[in-house]
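# Structural characterization, general
Residue strings, one per chain:
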Amino acid sequence: MRRISYNDAIREAIKQSMEEDESVFVYGEGVDFAKGVFGIPLDLAKEFGDERVFDIPMSENALTGVGIGAAINGMRPIMVHQRIDFTLLALDQICNHAAKACYMWGGNLSVPLVIRAIVGRGWGQGANHSQSFHSIFTHFPGLKVVLPSNAYDAKGLLIQSIRDENPVIFVEHKFLFGQEDEVPEEIYAIPLGKGRKVRKGKDVTIVAFSQMVLEAKKAAEELSNQGIDVEIIDPRTSYPLDEKIIADSVKKTGKLIIADIDWLFCGITAEISARITENYFSYLKAPIKRIGLPHATHPCSYALEDVFYPTHENIIKAVKEVVRD
Amino acid sequence: MNKSNFGIPDGKLIEMYETMLKIRLVEEKCIELHPEQLMKSPHHYYIGQEAVAVGVCVALEKEDHVFSSHRSHGHYIAKGGGLDKFMAEMYCKIDGCSKGKGGSMHLIDTKVGHMGSSGIVSGSIPIAVGSALAFKMQNKKNVAVTFFGDGAADEGILYESINFAALKKLPVIFVCENNFFASFSKVSARWALDNIPGRAEAFGVPAKRVNGMDVIEVYTATQEAVKRARNGQGPSFIEAITYRFKAHCSVGDDVDPKLRTKEELEHWMKKCPIKNFEKILVDKKILITQNINQIKHKLQKQIERAVEFGRNSPLPDRDELLKDVFK
């Protein structure tokens, strides 16, 4: 099958969604820039007109509200943030309005709005250009949060997010952009809330989100050389969370490691750990281990970045600890 | 058409009077019933400001969209929102316009184009702009209106929204109801310069300050703004100077040495938009006392029926709690 990269898959998902449904439009700071936002050129304006692909003022909060208003009035907007960090400027519209619109107005309307948020990370980008805090959005009832880890998922999940009647935060990791995968040319959708078994194994379950799926795969290869057979689960969405796919794996392995790109404290790793402990305690043969960011701000210096961001080595270490136990 | 009657058909003038009176009587009924403690949700009464909601909404079509704030009873009723559903919402019942999940601050009646009120100051402003964007993209001639108070004029998102609406020439009307108080903060504690229209003009948006106690003045300004919007000429901004006769929230008058004196309140109450308009209509013989009594009687019956409907509606079932989180 044809292989394309993660960013090309995202572009294709937008293009095909715009062809499928004329209410879909896309907007964001620099979104129609020729070179594209991180290599995702939305030169789609040529095809669909600049009414459906347009640049915006640096007004994240208002433009999120604009997306909500368009969404409740029959459109399917896709808003793009070059860094997820900038979504914090729009928390009122995302959390007080998009998330609550359906509920607080008694189900009278819905907000089919997609907010694409790119995780910048690395190369000294520091405190305000490197973050990845999908757990914040996962916390709010009314939002769906999607974290594709490969090109195939990126396309299918984005198409489904656009079709969904609810607001979706779509988190794209820059480190995945060049990753190629087999991606069908036709339009297809992957349901939100269904995880994927990335690797079958019997000794330890690793639940990994976004870029940590790559790290988990690397760890699995090394561990397999040492006779340890890990199972990797990619939940694909932090809300809705596919608790069943995680639980089924834990029932088999009895050991769970959760790896995320977000902070550990109050993050999705803590939530999964709590749920598995509450509901499947008797299956656990070792304490759950979590891998994620320490309680510090994203640093600039590469000396500190090396310590701050976990890699496959942290996963290997955690696996060995639980296997030894 | 008779110029002495503002160039407006008598039927329209009577509709304005009746709708203002309806808002007033509905809220007075809420105030009367509130001590029963059955309407368990904070109310922000609109009494005193009726000419703004009515002057604007009478200039709109049913398909035009209105978005409003926490002080939203007037906008909901003026746009034609259902009274039974309104009262049921006040009683937190399942037949309420928001199934009892929203309350007084989250009213909605999409069938008549009231697209929701937000409890966050300035919250619905960009949403109205987005609705206007959709109208434009769909080649519809409709207009979106956002009602907000002088408090929202302190929020940055207002200016982000005006700028974008001006940039894209969107069919949206910004209606700032300046009642001098953002909850308990006076304009004088918040602004160096008392010139809200000037702020909108800085973005190239035509802006006007009108007497918000005069329904005709509000209506005329809105008509002009609606015309611009429907002609594709973009947004307009209206600042309506008005006054709330009741407390910021719930029953009371907020007379307080730091906030407002009894004299100030009484001064503004003399400008009551309904009483003064009623006098004009009577003087012009558009209404006679008998008509007024008939209108009052009709409205009171409607309100009583709505109260009964609200009282008798069931409370939401427990399993409603987790419904409507997602569509």
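Residues numbered from 1 in each chain as written. Chains lettered and ligands numbered in written order. Predicted model: local features only at pLDDT ≥ 70, side-chain atom pairs only at ≥ 80, totals over all residues.

### Section: the overall build of chain B
When helices and strands are tallied, chain B shows 11 helices and 8 strands. For 327 residues, the compact-globule formula gives about 20 Å, and the C-alpha radius of gyration of chain B, at 19 Å, lands near that figure. Seen along its three principal axes, the alpha-carbon backbone of chain B occupies a region of about 55 × 50 × 45 Å. Sequence-distant contacts in chain B: of pairs separated by 6 or more residues, those separated by 24 or more amount to 75%. (Helix = DSSP H or I, 4+ residues; strand = E, 2+ residues; numbered from the N terminus. Rg over C-alpha atoms; globule rule 2.2 N^0.38 Å. Contact = placed C-beta atoms within 7 Å.)

### What to know about the overall build of chain A
A tally of helices and strands in chain A yields 12 helices and 14 strands. For 325 residues, the compact-globule estimate of 2.2 N^0.38 gives 20 Å, and the C-alpha radius of gyration of chain A, at 19 Å, lies within 12% of that figure. By its C-alpha atoms, chain A is 60 × 45 × 40 Å across when sized along the principal axes. Put simply, chain A has 325 residues, and 57% of those count as buried. Intrachain contacts of chain A at a sequence separation of at least 6 include 80% that bridge at least 24 residues. (Buried ≥ 20, exposed ≤ 12 C-beta atoms within 10 Å, placed from the backbone.)

### Section: the sheet that holds strand E2 (residues 114-117) of chain B
All names here are of chain B. Read from one edge of the open sheet, 6 strands run E2-E1-E3-E4-E8-E7, paired in parallel fashion. Of all strands in the sheet, those with a lone pairing partner are E2 and strand E7 (207-211), marking the two edges. In this sheet, neighbouring strand axes are inclined to one another by 20° on average, regardless of whether the strands run parallel or antiparallel. Note that strand E3 (residues 144-149) and strand E4 (residues 172-178) share 6 bridges and pair parallel. Note that in E4 the partner of Phe147 across the bridge is Val175. Against the sheet, helix H8 (residues 215-230) engages E4, E7 and strand E8 (236-241), with an angle of about 170° to E8. (Pairing = 2+ DSSP bridges. Axes fitted to C-alpha atoms, helices over the stretch in contact; angles between N-to-C directions.)

### A short note on unusual backbone geometry
Leaving glycine aside, a negative phi is the common case for residues, and trans is the common case for peptide bonds. The omega torsion across Tyr239 of chain A and Pro240 of chain A is -5°, close enough to zero to call that bond cis. Residue placement: Pro240 of chain A occurs in the loop between strand E12 (237-239) and helix H9 (243-253). Phi is positive for Lys169 of chain B, close to 50°, though the residue is something other than glycine. Mapped onto the secondary structure, Lys169 of chain B falls in the loop between helix H6 (156-167) and E4.

### Some details on the interface of chain A and chain B
Contact with chain A, which involves 33 residues of that partner, is made by 35 residues of chain B. At the level of secondary structure, the elements contributing two or more residues to the side of chain A that touches chain B comprise helix H3 (60-72), helix H4 (91-98) and helix H5 (101-104) of chain A. Looking at which element gives the most residues to the side of chain A that touches chain B, the answer is H3 of chain A, with 10 residues. The class makeup of the residues in the side of chain A that touches chain B is 14 nonpolar, 16 polar and 3 charged. (Nonpolar A, V, L, I, M, F, W, Y, C, P; charged D, E, K, R; others polar.)

### Some details on helix H10 (residues 273-283) of chain B
Residue and element names in this part refer to chain B. Taken as a whole, H10 has its buried residues at Pro273, Ile274, Phe277 and Leu281. Along H10, the residues classed as buried sweep out an arc of 85° about the axis, all on the same side. Residues of H10 that are exposed and point over 90 degrees away from its buried face: Lys275, Lys279 and Asp283. The inward-facing, buried residues of H10 contact helix H1 (10-33), helix H2 (50-57) and H8. (Arc of directions from axis to C-beta.)

### Re the domain arrangement of chain A
Residues and elements named next belong to chain A. According to the domain assignment, chain A contains domain 1 (3-182) and domain 2 (196-324). Taking only C-alpha atoms into account, the centre of domain 1 sits 26 Å from that of domain 2. Each side of the interface is counted separately: domain 1 has 25 residues, and domain 2 has 21 residues. Listing elements by their share of the side of domain 1 that touches domain 2, those giving two or more residues are helix H6 (134-139), strand E6 (144-146), helix H7 (151-163) and strand E7 (168-173). Looking at side-chain class alone, the side of domain 1 that touches domain 2 contains 12 nonpolar, 11 polar and 2 charged residues. (Domains from an automatic or database assignment.)

### Considerations on the confidence of the model for chain B
Taken as a whole, chain B shows an average pLDDT of 96; of its residues, 99% reach a score of 70 or greater. If you check the scores for this complex, the pTM reads 0.97 and the ipTM reads 0.97. (pLDDT = per-residue confidence, 0-100.)

### Some words on the packing of helix H4 (residues 83-90) of chain B against helix H11 (residues 289-312) of chain B
All names here are of chain B. Interaxial distance between H4 and H11 falls to 8 Å at its minimum, and their mutual angle equals 45°. Here H4 is positioned oblique relative to H11, judged by the angle of their axes. Once H4 is placed against H11, the crossing between them reads as right-handed. In contact with Leu83, Asp84, Phe86, Met87, Ala88 and Met90 of H4, H11 contributes Gln302, Ile303, Ala306, Val307, Phe309 and Gly310. Of the residues assigned to the contact of H4 with H11, the class counts are 9 nonpolar, 2 polar and 1 charged. (Parallel < 35°, antiparallel > 145°, perpendicular 65-115°, else oblique. Left-handed = near helix turned anticlockwise from the far one by under 90°.)

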